[in-house]
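Tertiary structure, described
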Amino acid sequence: MVRGVTALVAWLAVACLVLVAPASALLVWTDSKAPDTLQGKAATVWRTVGQTLRLGGEVGPPLRIALTVFLALVSLLYVSFLVGIVTTALTDRLAELERGQTTVVERGHTLVLGWSEQAPTVVAELLAAHAQRGHGAVVVLADRDKAELERESRDALPSRTRVRLVCRRGRPADPAALARVTPAAAGAVVVLPPDGPGADAQVVRTLLALRATVGEGCPVPVVAAVRDGAHLPAARLAAGPGATVLDVDDLAARLLVQCVLEPGLALVLEDLLDFAGAELHTLRPPGLPGRRYGELAAACPDACAVGIVRADGTPHLNPPARTVLAPGDGLLVLAEDHRATVLPAAPAVPAAAWPARPPSPAAARRVLVLGWNRRGERVTEGLAAAGVAAVRDDTTGRPAEPEAYDQVLVLAGPDDDGHPDAPTLVTLLHLRARERERGRSLATVAELTDARNRPLAPAGPRTDLVVTGRLAALLLAQVSQNPHLAAAFDTLFAPTGDGVRLRPATDFVPPGTEATFAALVTAAARHGAAALGYRPRDARRPRLNPPKTETRRWTEGDVLIVVGPA
């Protein structure tokens, strides 16, 4: 081995001759048909050795023997080199595939650039979205080991579908690595901020590399996220016109405010934003222009009307029933898919003579805020704008007198801590201990950044766990597949105006009334709200877009999920 290939070939030849020559001689000398003379036997031994070693085995003058041996060696070397070249090429190609460094040949795929704790949720939702269409692929480019990426995403891959998950290793900010995942042929591009410091700067560099690779006039929809709103202007400039850049901190703060104002809203928002079941779609079937919104809302047998999307993309949630749709307008609905039905004429719905029961006015509330992060100031400002007094408790450890407040809001720790959910889990432990001591449950809203910590959280019976990281990931996936929904979600999660509300079902029907969900939709419309579903009294999970013909007895404790004013 030390002396190189030449010594190896020589020793291989000697070893073969040592084995083949005696065996060939023994074979000839034991053959009854072998020549009688020694010269004849030697020629027969040579033929046997030559045929075994593919050296021709010709006999005759020495020049003839030398030429046949030379040609046989050339043939042997050619075949050996050919096998070696093919084997090496296949081995190198397989190694490139294993390392994730080959070029992606997909078309119309969704490209995910970067990796973070929210990436598995984004990938899972994108795979579910492609599974609804029955085909497609999700391509992930991140500076991590390909096998590790596939291992973290394997559980999200739907079974028995033609959806594919392709992982490639490389720096998303490297144009050469971007070129391998063919972003110009993608159906959508999602740019995720990585974990750790400098995440937003990495997003800006990735967006610049994307523009350098694809070009200025690329029609591919781009959705990106930044963690700090201070970097939002730079990210939007780098993304270019037509791209959508979301401020994750601002989104998380607004979602937390809404969950405080509407206890139990966290699970509703998760069901609304994921691709399992019903989600928001914009319908533009023929014959919409000139029809009234109220008539169209009643003409959707398998969907719940939410609002109107104007031709320029401006959403109008829960508009007045007399609003007329103009050419190019679309109907925003909550439905299983984009194939929801809009009847040409609204069905006749009998008007029930239910007495009006105005909702009770919301009393002024005081919220105790435990924990702090860079979103805390936005949360307290949002609560103050809604008329809720937020009192921050800076003490560490066991909170003092949480019973003196209407609600407790537990914020996650600083994002640069490495484990921002750890303070939330510790605070929830203290709150549960206090509940057992006092025999009184506390209305609590707790923020988690990682969905994997949800099973670990010691939640009480009146505790809402808001996984802001998961909600932001779900929203990113939704907007990447339907870019026009970005404005609708921005309006839906605004601190003022029409948003997702939880109202007692008995505000719309008398307790004990047996009625269809369609009748509740009509009753909610009379009260200026758009019904999306309901949550039974004895269940925590909501039911969004149930069948309109579903009949049940509506009792105290049933909650109707609507889009309406606060």
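Presented here is an overview of the structure given in this document. The model shown is predicted, which means the values in this text are computed figures rather than measured ones. (Residues numbered from 1 in each chain as written. Predicted model: local features only at pLDDT ≥ 70, side-chain atom pairs only at ≥ 80, totals over all residues. Heavy atoms only, no water.)

When helices and strands are tallied, the protein chain shows 16 helices and 21 strands. Of all 566 residues assigned to the protein chain, the portion counted as buried reaches 46%. Taking as baseline every contact in the protein chain between residues at least 6 positions apart, the subset at least 24 positions apart corresponds to 71%. Working note: accessible area of the protein chain is about 27,700 Å², and carbon and sulfur atoms make up 60% of it. (Helix = DSSP H or I, 4+ residues; strand = E, 2+ residues; numbered from the N terminus. Buried < 20%, exposed > 50% of the residue type's maximum accessible area, 1.4 Å probe, protein only. Contact = heavy atoms within 4.5 Å. Areas by Shrake-Rupley, 256 points an atom, 1.4 Å probe, with all protein chains shown as cover.)

With that settled, consider the sheet that holds strand β7 (residues 279-283). The four strands are arranged β7-β10-β8-β9 in an open sheet whose pairing can be described as antiparallel. The sheet is open, and its two edges are formed by β7 and β9 (315-317), each paired on a single side. Sheet twist, expressed as the average angle between the axes of neighbouring strands with direction ignored, equals 30°. Bridge analysis of β7 against strand β10 (residues 330-335) gives five bridges, and the strand direction is antiparallel. Of the residues in β10, the one forming a bridge with T282 is L332. (Pairing = 2+ DSSP bridges. Axes fitted to C-alpha atoms, helices over the stretch in contact; angles between N-to-C directions.)

With that settled, consider the nonpolar core. Judged by nonpolar contacts, the single largest core of 103 residues is most densely connected at L334, L409, F489 and L560. If near-sequence neighbours (up to four positions away) are discounted, L334 is found in contact with L272, A278, E279, L280, A303, C304, V306, L532, L544 and N545. Grouped together as the second largest cluster of nonpolar side chains are 26 residues, V203, A224, V226 and L232 included. (Core = buried A, V, L, I, M, F, W, Y, C linked by side-chain atoms within 4.5 Å.)

All right, on to the packing of helix α7 (residues 199-214) against helix α8 (residues 232-239) then. Interaxial distance between α7 and α8 falls to 8 Å at its minimum, and their mutual angle equals 10°. Between α7 and α8, the crossing angle belongs to the class labelled roughly parallel. When you trace α7 past α8, the crossing you get is left-handed. Two secondary-structure elements touch here, α7 through V204, L207, L208 and R211 and α8 through A234, A235, L237, A238 and A239. Partitioning the contact of α7 with α8 into residue classes produces eight nonpolar, no polar and one charged. (Parallel < 35°, antiparallel > 145°, perpendicular 65-115°, else oblique. Left-handed = near helix turned anticlockwise from the far one by under 90°. Nonpolar A, V, L, I, M, F, W, Y, C, P; charged D, E, K, R; others polar.)

Moving on to the pattern of salt bridges. Applying the stated criterion to the full structure yields 28 salt bridges. Of the charged contacts, one joins D145 and R169 as a salt bridge, the two residues approaching to 4.0 Å between their closest N and O atoms. With a gap of 24 residues between them, D145 in the loop between β2 (137-142) and α5 (146-153) and R169 in strand β3 (residues 164-169) connect regions that are remote in the sequence. Take D145: its relative accessible area is 36%, and that puts it in the partly exposed class. The exposure class assigned to R169 is partly exposed, which follows from its relative accessible area of 34%. The partner of D329 in a salt bridge is R310, and the shortest N-O contact between them spans 2.5 Å. (Salt bridge = Lys/Arg side-chain N within 4 Å of Asp/Glu carboxyl O.)

With that settled, the discussion passes to the sheet that holds strand β6 (residues 244-247). Overall, parallel pairing links the six strands, which are arranged β3-β2-β1-β4-β5-β6 in an open sheet. Strands with a single pairing partner mark the edges of an open sheet, and in this sheet they are β3 and β6. Each strand axis lies, on average, 15° off the axis of its neighbour in the sheet, ignoring direction. Pairing of strand β5 (residues 222-226) with β6 involves four bridges; the strand directions are parallel. When the sheet's bridge partners are listed, A225 is paired in β6 with L246. α5 contacts β2 and β3 of the sheet and is inclined by roughly 150° relative to β3.

What follows deals with a nonpolar patch on the surface. On the surface, W11, V14 and V18 cluster together into a nonpolar patch covering about 340 Å² of accessible area. The topology assignment puts V18 in helix α1 (residues 5-29). Taking the relative accessible area as the measure of exposure, V18 reaches 55% and is therefore exposed. (Patch = residues over 30% accessible without salt bridge, like charges linked within 9 Å, V, L, I, M, F, W, Y side chains within 5 Å.)

Honestly, that's just the spatial picture; any functional story needs more than this.
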